[in-house]
Amino acid sequence: YPSVTNESFQVGEKLRYRITYGFVDAGEAVLEVKSTTKKGAGSRELLHVKGTGKTLGGFNAVFKVNDTYESYIDKKGIFPWQFVRRVDEGGYKISQDYNFKHDKLKVDNGDGKEFTIPVGIQDMISSFYYARTLDFKNVKKGDIFEFKCFMDDKVWPLKVKYVGDEVIHIRKGKFACKKFVPVVQTGRYFKSENDVNFWVTDDKNRIPILIRAKIPVGTVK
């Protein structure tokens, strides 16, 4: 199995994000790293990572969101053995339970179907943590990082491009960051690299500090 060096996060980390639309606080997202007694194949030790997102205040009347994403990730390789997704967005609901069998290069989607996967593939929430273990030591402007993600019964290539260093000011203070943009896939929601930007702290923690996305009716941060 793949093995990575992880100096960025550990059990007990809790990241809380405020989601703003224009100048209004519209929602909140929380990402946590927990311990677990669950094991991967061959009794491999796991971490339980959980992400929750919800709308706040008046936005609940407009478009209520209550989402939960969970992943049980390999402690040594930072790849998932189990993925749980519960989405409720304005009444639109998704329920997914993926069981990754990296020892057999398969994933069971919980609906009686199996798909072939490369060993060490990521899911929607494990990708967030795996990306924080990538080696940025000698990164140059324009460098692209790529890895595979299994999402909605398909294997997707996730690509992000480093575009430079910036100092970012947010409510919690001032942070030296590395700036990235996703390399956009044809036909996806965002049409241009400039539609989404994100900044990650330029230290061992590599915490995503700010994400800014353009949407047809404004900007979300």
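Note: the structure precedes this text.
Keep in mind the model is a prediction, meaning the values are calculated, not measured. (Residues numbered from 1 in each chain as written. Predicted model: local features only at pLDDT ≥ 70, side-chain atom pairs only at ≥ 80, totals over all residues. Heavy atoms only, no water.)

Chemist: Could you give an account of a nonpolar patch on the surface, naming the residues involved and the relevant values?
Modeler: Taken together, Tyr1, Leu105 and Val119 make up a surface patch of nonpolar side chains, about 260 Å² in accessible area. Looking at the secondary structure, you find Tyr1 in the segment before β1 (14–21). The exposure class of Tyr1 is partly exposed, given its relative accessible area of 45%. (Patch = residues over 30% accessible without salt bridge, like charges linked within 9 Å, V, L, I, M, F, W, Y side chains within 5 Å. Areas by Shrake-Rupley, 256 points an atom, 1.4 Å probe, with all protein chains shown as cover. Salt bridge = Lys/Arg side-chain N within 4 Å of Asp/Glu carboxyl O. Helix = DSSP H or I, 4+ residues; strand = E, 2+ residues; numbered from the N terminus. Buried < 20%, exposed > 50% of the residue type's maximum accessible area, 1.4 Å probe, protein only.)

Chemist: Talk me through the pattern of salt bridges; I want residue IDs and the actual numbers.
Modeler: Opposite charge on two side chains allows them to pair when their charged atoms are near. Enumeration according to the criterion identifies 15 salt bridges in this entry. Note that Lys75 is salt-bridged to Glu45, the shortest N-O span being 3.6 Å. Here Lys75 is found in the loop between β4 (66–74) and β5 (80–89), whereas its partner Glu45 is found in strand β3 (residues 44–55), with 30 residues between them in sequence. For Lys75, a relative accessible area of 44% translates into the label partly exposed. Owing to a relative accessible area of 46%, Glu45 belongs among the partly exposed residues under this scheme. Note that Asp97 is salt-bridged to Arg86, the shortest N-O span being 2.9 Å. Of the two residues, Asp97 sits in strand β6 (residues 92–101) while Arg86 sits in strand β5, which places them eleven residues apart along the sequence. Look at Arg86 and you get partly exposed, because its relative accessible area is 34%. What you see here is one network of salt bridges that share partners, running through Arg16, Arg18, Asp25, Glu28 and Arg171.

Chemist: For the nonpolar core, give the residues involved together with the corresponding values.
Modeler: Counting 30 residues, the largest nonpolar core has Phe100, Ile125, Tyr129, Phe150 and Phe180 as its most contacted members. Residue assignment for this core shows that the elements contributing at least two residues are β2 (24–40), β3, β4, β5, β6, α2 (126–131), β9 (144–151) and β12 (196–201). Core analysis: the next-biggest nonpolar cluster, separate from the first, contains five residues, Ile168, Cys177, Ile209 and Leu210 among them. (Core = buried A, V, L, I, M, F, W, Y, C linked by side-chain atoms within 4.5 Å.)

Chemist: Please set out the packing of aromatic side chains residue by residue, giving values where relevant.
Modeler: When we look at a pair of aromatic rings, we describe it by the centre distance and by the angle of the planes. This structure, assessed with the given rule, holds 18 aromatic pairs. Considering the side-chain rings of Tyr1 and Trp81, the 5.6 Å spacing of their centres and the 80 degrees angle between planes classify their relative orientation as edge-to-face. Of this pair, Tyr1 sits in the segment before β1 while Trp81 is found in strand β5, placing the two residues 80 residues apart along the sequence. Centre to centre, the rings of Phe180 and Phe198 are 5.8 Å apart; their planes meet at 15 degrees, and the pair counts as stacked. Highlighted residues: Phe180 in strand β11 (residues 173–182) and Phe198 in strand β12, separated in sequence by 18 residues. With respect to class, Phe180 is no different from Phe198; both count as buried. Grouped by ring-pair contacts, the aromatic residues Tyr69, Phe83, Tyr98, Phe100, Phe115 and Phe150 constitute a single cluster. Its end group placed over the ring of Tyr72, Lys38 keeps NZ or CZ at 4.2 Å from the ring centre. (Phe/Tyr/Trp six-rings, centres within 6.5 Å; stacked < 30°, edge-to-face > 60°. Lys NZ or Arg CZ within 6 Å of the ring centre and 35° of its normal.)

Chemist: Explain the side chain of Asp67 to me, using residue names and the numbers behind them.
Modeler: In this fold, Asp67 is placed in strand β4. Of the side chains bearing the opposite charge, Arg85 lies closest to the buried Asp67, which forms no salt bridge; the N-O distance is 7.1 Å. Here the side chain of Asp67 touches Asp88 through a polar contact of 3.1 Å, landing on its backbone nitrogen. Beyond its immediate sequence surroundings of up to four residues, Asp67 is in contact with Gly51, Thr52, Gly53, Arg86, Val87, Asp88 and Glu89. (Lys, Arg positive; Asp, Glu negative; His and termini not counted. Polar contact = N/O pair within 3.5 Å; in protein donor to acceptor, adjacent residues only side chain to side chain. Contact = heavy atoms within 4.5 Å.)

Treat this as a map of the structure, not an account of what it does.
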